[in-house]
Amino acid sequence: MNSTRISQLFDIQYPIVQGGMVWVSGYKLAAAVSNAGGLGLIGAGSMYPDVLRTHIQKCKKATSKPFGVNVPMLYPNIDEIIAIIIEEEVKIVFTSAGNPNLWTSHLKKHGITVVHVVSSIKFALKAQAAGVDAVVAEGFEAGGHNGREESTTFTLIPMVKEQLHIPLIAAGGIATGRGMLAALVLGADGVQVGSRFAASLESSAHIDFKKKVVAVSEGETVLTLKEIAPVRMIKNEFYTQIEKLHQEHKSVEDLKKLLGKRRLKRGMFEGDLVDGMLEIGQVAGLIHEIQSAKEIVEEMVKEYKEVLQEKF
Ligand SMILES: Cc1cc2nc3c(=O)[nH]c(=O)nc-3n(C[C@H](O)[C@H](O)[C@H](O)COP(=O)(O)O)c2cc1C
């Protein structure tokens, strides 16, 4: 496929970014996606600083292609995480869940390409003003933490495109070549894919979680916990408990108590499908098998080309 502003920015073959994902995207997945011609991201959000350093070092050995690190800014130890990224000479950082003014200029001073993830026009413009190199605009069909605006990818991308001049990456609901073509037609320069890679062979998620993702159909995910931080996940027993607290008009403190500290690890890494938190996007309904990252990238590119020819 033709190069885009995103494939040029990262010096990659295809404008496909594998979203950074807590408990899912370690160096194995990131390196596999980069080796397949996309851009792999190590998800720092679930890693202690020394664990992140190990993953970066292993990723450098596993691929000679560009890769990056995703840093959700709401997590603790952020100063240490940023220091390690600079020491290890990581070239690309995707920041999310926080203020782009906090770290962008510091990272750029060290020659790092910085991308920020947003869910609205307002935050896209704020990120652009902060000096980032590109923006990921993510619709609320995406898995994981989401914006409060509940804008869909189909509406968000063209609206952000109207106002932004830096490169734009679309995320949320994209898992196929058709989806990628649609995003590019709407004005994106590349796509960020999360859910499909979460169910890949190289994902570090528990096999039971991957099988569950493959089994999920339309309507089985939900955006919840808006009082704390909106998150899209699979409806399970844990979600039923959240709903019960909502119906009883319980306080945010009660919800936080129910959430506790280890729900994500329990669900996605340890495979507790009942009481764990199972982050995944609406697009899970389109994920039908557990494949290697290479197969996913190749399939997306092939379908993109076929549909492009068929339609235009
Ligand atoms: C299991 C899971 C964990 C995620 N963790 C993070 C994260 O740590 N940081 C982040 O910026 N986005 C995170 N995301 C969002 C993804 O990076 C990506 O933007 C999103 O999944 C794209 O939408 P899709 O799920 O429809 O493909 C996560 C998504 C999933 C499914």
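A. The arrangement of the sheet that holds strand 10 (residues 221–224) in detail. Reading across the sheet, the 3 strands line up as 7-11-10 and stay open at both edges, with antiparallel pairing between neighbours. Among the strands making up the open sheet, the edge pair consists of strand 7 (144–145) and strand 10. Note: strand 7 against strand 11 (residues 231–234), 2 bridges, orientation antiparallel. Note on strand 11: the bridge partner recorded for Gly144 is Arg232.

B. The arrangement of the site of the ligand in detail. Around the ligand lies a shell of 31 residues, among which Gly19, Gly143, Gly144, Gly194 and Gly281 are the nearest. Contributions of two or more residues to the shell around the ligand are made by strand 3 (67–72), strand 9 (190–193) and helix 9 (195–198). Looking at the shell around the ligand residue by residue, the classes come out as 14 nonpolar, 14 polar and 3 charged. Domain assignment of the residues forming the shell around the ligand places at least three in each of domain 1 (5–204 + 287–311) and domain 2 (210–282).

C. Highlighting the environment of Leu278. Inspection of the secondary structure assignment puts Leu278 in the loop between helix 13 (263–269) and helix 14 (293–311). Of the residues examined, Leu278 has 30 C-beta atoms within 10 Å and is grouped as buried. Separated by 15 residues in the primary sequence, Leu278 and Arg263 have C-alpha atoms spaced 8.5 Å apart. Residues contacting Leu278, with those up to four places away along its chain left out, are Phe209, Lys212, Met233, Ile234, Asn236, Gly267, Met268 and Leu273.

D. Seen up close, the domain arrangement of the chain. Examined at the domain level, the chain breaks down into domain 1 (5–204 + 287–311) and domain 2 (210–282). Once you take the C-alpha centre of each, domain 1 and domain 2 turn out to be 23 Å apart. Listed per partner, the contact involves 22 residues of domain 1 and 17 residues of domain 2. Among the secondary structure elements, those contributing two or more residues to the side of domain 1 that touches domain 2 are strand 7 and helix 9. A breakdown of the residues in the side of domain 1 that touches domain 2 according to their chemical character gives 9 nonpolar, 10 polar and 3 charged.

E. Region of interest: the nonpolar core. Val93, Val135, Ala137, Ile169, Ala170 and Val191 are the most contacted members of the largest nonpolar core, which has 92 residues in total. Looking at which domains feed residues into this core, each of domain 1 (5–204 + 287–311) and domain 2 (210–282) gives three or more. When sequence neighbours within four positions are dropped, the list of residues in contact with Val93 reads Gly68, Val69, Val71, Ile85, Leu107, Ile112 and Val114.

F. Focus on the pairing of strand 10. Direction of pairing for strand 10 relative to strand 11: antiparallel, over a ladder of 4 bridges. For Val222, the partnering residue across the bridge sits in strand 11 and is Met233. Following strand 10, the chain reverses through 6 residues before pairing antiparallel with strand 11; Leu225 in that reversal takes a positive phi of roughly 55°.

G. Representation of unusual backbone geometry in the model. Notably, Trp23 is not glycine yet its phi reads approximately 65°, a positive angle. Note on placement: Trp23 falls in the loop between strand 1 (16–18) and helix 2 (27–35). Overall, the presence of 24 C-beta atoms within 10 Å leaves Trp23 in the buried class. Despite not being glycine, Glu89 has its phi angle at roughly 60°, a positive value. With respect to the element layout, Glu89 can be found in the loop between helix 4 (78–87) and strand 4 (92–96).

What counts, and at which threshold
- Residues numbered from 1 in each chain as written.
- Predicted model: local features only at pLDDT ≥ 70, side-chain atom pairs only at ≥ 80, totals over all residues.
- Pairing = 2+ DSSP bridges.
- Helix = DSSP H or I, 4+ residues; strand = E, 2+ residues; numbered from the N terminus.
- Near = placed C-beta within 6 Å.
- Nonpolar A, V, L, I, M, F, W, Y, C, P; charged D, E, K, R; others polar.
- Domains from an automatic or database assignment.
- Buried ≥ 20, exposed ≤ 12 C-beta atoms within 10 Å, placed from the backbone.
- Contact = placed C-beta atoms within 7 Å.
- Core = buried A, V, L, I, M, F, W, Y, C linked by C-beta atoms within 7 Å.

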